[in-house]
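# Structural characterization, general
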Amino acid sequence: MKKIPILIKLLAIFAISFVLLYLFPRNEDSKFVEIIFATSSFIFGIIIAFSIANRHSRLSSIREFLRKQDAVFREIYLLSKDFDKKVSNKIRDKIEDILTAQIDYKLIDFDKVDSKKIDNLFIFIEKLNTRFREQEELQKKMLDGLSELLKIQKEINYQIKNKMLNYEWITLVGLYIIMFFCLFYINAGSVSSILMISFLTASLGLLLIVLKELDSLEWQEQDWIWEPLSTLFIEIGLLPYFPEEIFKRGRLNLKGIRHLKEIRIAHYPNPYPDMRRKSIEIIKI
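So, a few notes on the structure that sits alongside this text. (Residues numbered from 1 in each chain as written. Predicted model: local features only at pLDDT ≥ 70, side-chain atom pairs only at ≥ 80, totals over all residues. Heavy atoms only, no water.)

What follows covers the pairing of strand E2 (residues 262-267). Strand direction decides the pairing type here: strand E1 (residues 241-243) and E2, joined by 3 bridges, are parallel. The partner of Tyr241 across the bridge, within E2, is Arg264. Here E2 pairs with strand E3 (residues 279-284) via 6 bridges, running antiparallel. The partner of Arg264 across the bridge, within E3, is Ile282. (Pairing = 2+ DSSP bridges. Helix = DSSP H or I, 4+ residues; strand = E, 2+ residues; numbered from the N terminus.)

Below, the structure is given as structure tokens:
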């Protein structure tokens, strides 16, 4: 399903609220409704503020660990260049194999990436024939980097699985609905009243939308996922790699990567997560 832009979602909430308020004005002066609105809005504000801060902290943590992973791969590749070109190319191919496998899967399925790919890289580096002491030191640095990478990936996987629980969403959505109906019942029916309540409803809805994107790790993903990954691929001498799904769903468009001359797009003929018969297309932008 194609991702709906946030602005379209907000306009939809505003329009629906406006129509309902216009067609069914209530204007009931009730202290009970006011008390319910004040109580629910207070609780909603506390929970949504805490949840957004928590989700933003989680996203920042994942972002930090992903960039540490990028740094490890880049360092290993640069260190490998002091060996024979054949060895360096082989290490780069294995790094590429790990990165593309991670990209093929959704970020939420990070743990499904075959860990043997890292093991194969570790074994290959461990078995390198070092000709002099400097190469032995480089080999040790690469192995230390891979050991650190395993710890980094465990942290990434833990944070990714740390999603909001269903009862948290039920509570927030329930409070949002209660607030809307409270506003609906005190609507005076005037144009100014309808506009203000519709705007307030859309603003509260925006908080839920932002929270949902933070929790699903789709919030500003171009900035913290695809641009850094593209840079890493270029730094190790490879074309940036993208799954076709992010273009189909509208999570990324070609305008956002105009600075890249060529990219690789992976096509998956089988339903996710079946990666068999995957094909890769190189396109010029």
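For helix H6 (residues 166-185), with 20 residues, the first-to-last C-alpha span of 29 Å sits near the 28 Å given by 1.5 Å per residue. Within the sequence span of H6, burial applies to Trp169, Leu172, Leu175, Tyr176, Met179, Phe180, Cys182, Leu183 and Phe184. Each element contacted by the buried residues of H6 is listed here: helix H1 (6-23), helix H2 (31-80) and helix H7 (191-215). (Expected span 1.5 Å × (residues − 1). Buried < 20%, exposed > 50% of the residue type's maximum accessible area, 1.4 Å probe, protein only. Contact = heavy atoms within 4.5 Å.)

Here the focus is the packing of H2 against helix H3 (residues 85-104). Two numbers describe how H2 lies on H3: the axes approach to 8 Å, and their chain directions differ by 165 degrees. As summarised for this structure, H2 and H3 are arranged roughly antiparallel, according to the angle between their axes. Seen from above, H2 lies across H3 with left-handed handedness. Residues Gln69, Phe73, Ile76, Tyr77 and Ser80 of H2 form the contact with H3, whose own contacting residues are Ser88, Ile91, Arg92, Ile95, Ile98, Leu99 and Gln102. Class assignment for the residues of the contact of H2 with H3 results in 7 nonpolar, 4 polar and 1 charged. (Axes fitted to C-alpha atoms, helices over the stretch in contact; angles between N-to-C directions. Parallel < 35°, antiparallel > 145°, perpendicular 65-115°, else oblique. Left-handed = near helix turned anticlockwise from the far one by under 90°. Nonpolar A, V, L, I, M, F, W, Y, C, P; charged D, E, K, R; others polar.)

With that settled, consider the layout of surface pockets. By volume, the largest pocket amounts to about 660 Å³. Taken together, 36 residues form the lining of the largest pocket, with Tyr105, Lys106, Leu107, Glu245 and Arg251 sitting closest to its centre. Listed by contribution, the elements that provide at least two residues to the lining of the largest pocket are H2, H3, helix H8 (221-235) and helix H9 (245-248). Considering each element in turn, the lining of the largest pocket owes the most residues, 5 residues, to H8. Partitioned by chemical class, the residues of the lining of the largest pocket number 18 nonpolar, 4 polar and 14 charged. (1 Å grid on protein atoms, 1.4 Å probe; cavity = no way out; pocket = protein on both sides within 12 Å on 5 of 7 lines; lining within 4 Å. Points joined across faces, edges and corners; volume = space filled by probe spheres on them.)

What follows covers the sheet that holds E3. Spatially, E1-E2-E3 is the arrangement adopted by the 3 strands of the open sheet, whose pairing is mixed. Two strands lie at the open edges of the sheet, namely E1 and E3, each paired on one side alone. Recorded for the sheet is a direction-independent mean angle of 30 degrees between the axes of neighbouring strands. Where H3 meets the sheet, its contacts fall on E1 and E2, and the angle it forms with E1 comes to roughly 25 degrees. Across the sheet, H8 touches E1 and E2, and the angle it forms with E1 is around 140 degrees.

On to the packing of aromatic side chains. Two aromatic rings, taken as a pair, are described by how far apart their centres are and by the angle between their planes. Summed over all chains, the structure comprises 10 aromatic pairs. Ring geometry for Phe184 and Tyr185: centres 5.8 Å apart, planes at 90 degrees, overall edge-to-face. Taken together, the ring pairs in this structure connect Phe180, Phe181, Phe184 and Tyr185 into an aromatic cluster. When the ring centre of Tyr272 is taken as reference, the NZ or CZ atom of Lys106 above it lies at 4.9 Å. (Phe/Tyr/Trp six-rings, centres within 6.5 Å; stacked < 30°, edge-to-face > 60°. Lys NZ or Arg CZ within 6 Å of the ring centre and 35° of its normal.)

Bringing the side chain of Arg92 into the picture now. Summarising the element assignment, Arg92 is placed in helix H3. The side chain of Arg92 is buried and forms no salt bridge, while Asp93, the nearest opposite charge, is found at 4.5 Å. Among all residues touching Arg92, those that are not within four sequence positions of it are Tyr77, Ile236, Gly237 and Leu238. (Lys, Arg positive; Asp, Glu negative; His and termini not counted. Salt bridge = Lys/Arg side-chain N within 4 Å of Asp/Glu carboxyl O.)

As a further point, take the nonpolar core. Among soluble globular proteins, nonpolar side chains are generally buried collectively. Core analysis: the largest hydrophobic core is formed by 52 residues, its most contacted members being Ile91, Ile95, Ile125 and Phe242. No other element matches the 9 residues that H2 contributes to this core. Setting aside anything within four residues of it in sequence, one finds Ile95 in contact with Phe73, Ile76, Tyr77, Leu121 and Ile236. By size, the runner-up hydrophobic cluster in this structure holds 11 residues, among which are Met164, Leu172, Leu204 and Leu211. (Core = buried A, V, L, I, M, F, W, Y, C linked by side-chain atoms within 4.5 Å.)

The next thing to look at is the pattern of salt bridges. Under the counting rule described, the total for this entry stands at 19 salt bridges. A salt bridge links Arg276 to Asp274; the shortest N-O distance between them is 2.8 Å. Arg276 gets classed as exposed once you look at its relative accessible area, which sits at 60%. Asp274 sits in the partly exposed class, given a relative accessible area of 22%. Residues joined by salt bridges that share partners form a network here, namely Arg55, Arg58, Lys163 and Asp215.

On to the side chain of Ser80, then. Turning to its location among the elements, Ser80 is positioned in helix H2. Here the side chain of Ser80 touches Ser88 through a polar contact of 3.3 Å, side chain to side chain. Ser80 has contacts with Ser88, Ile91 and Met142, leaving out every residue within four places of it along the chain. (Polar contact = N/O pair within 3.5 Å; in protein donor to acceptor, adjacent residues only side chain to side chain.)

Remember that the coordinates give geometry; whether it matters functionally is a separate question.
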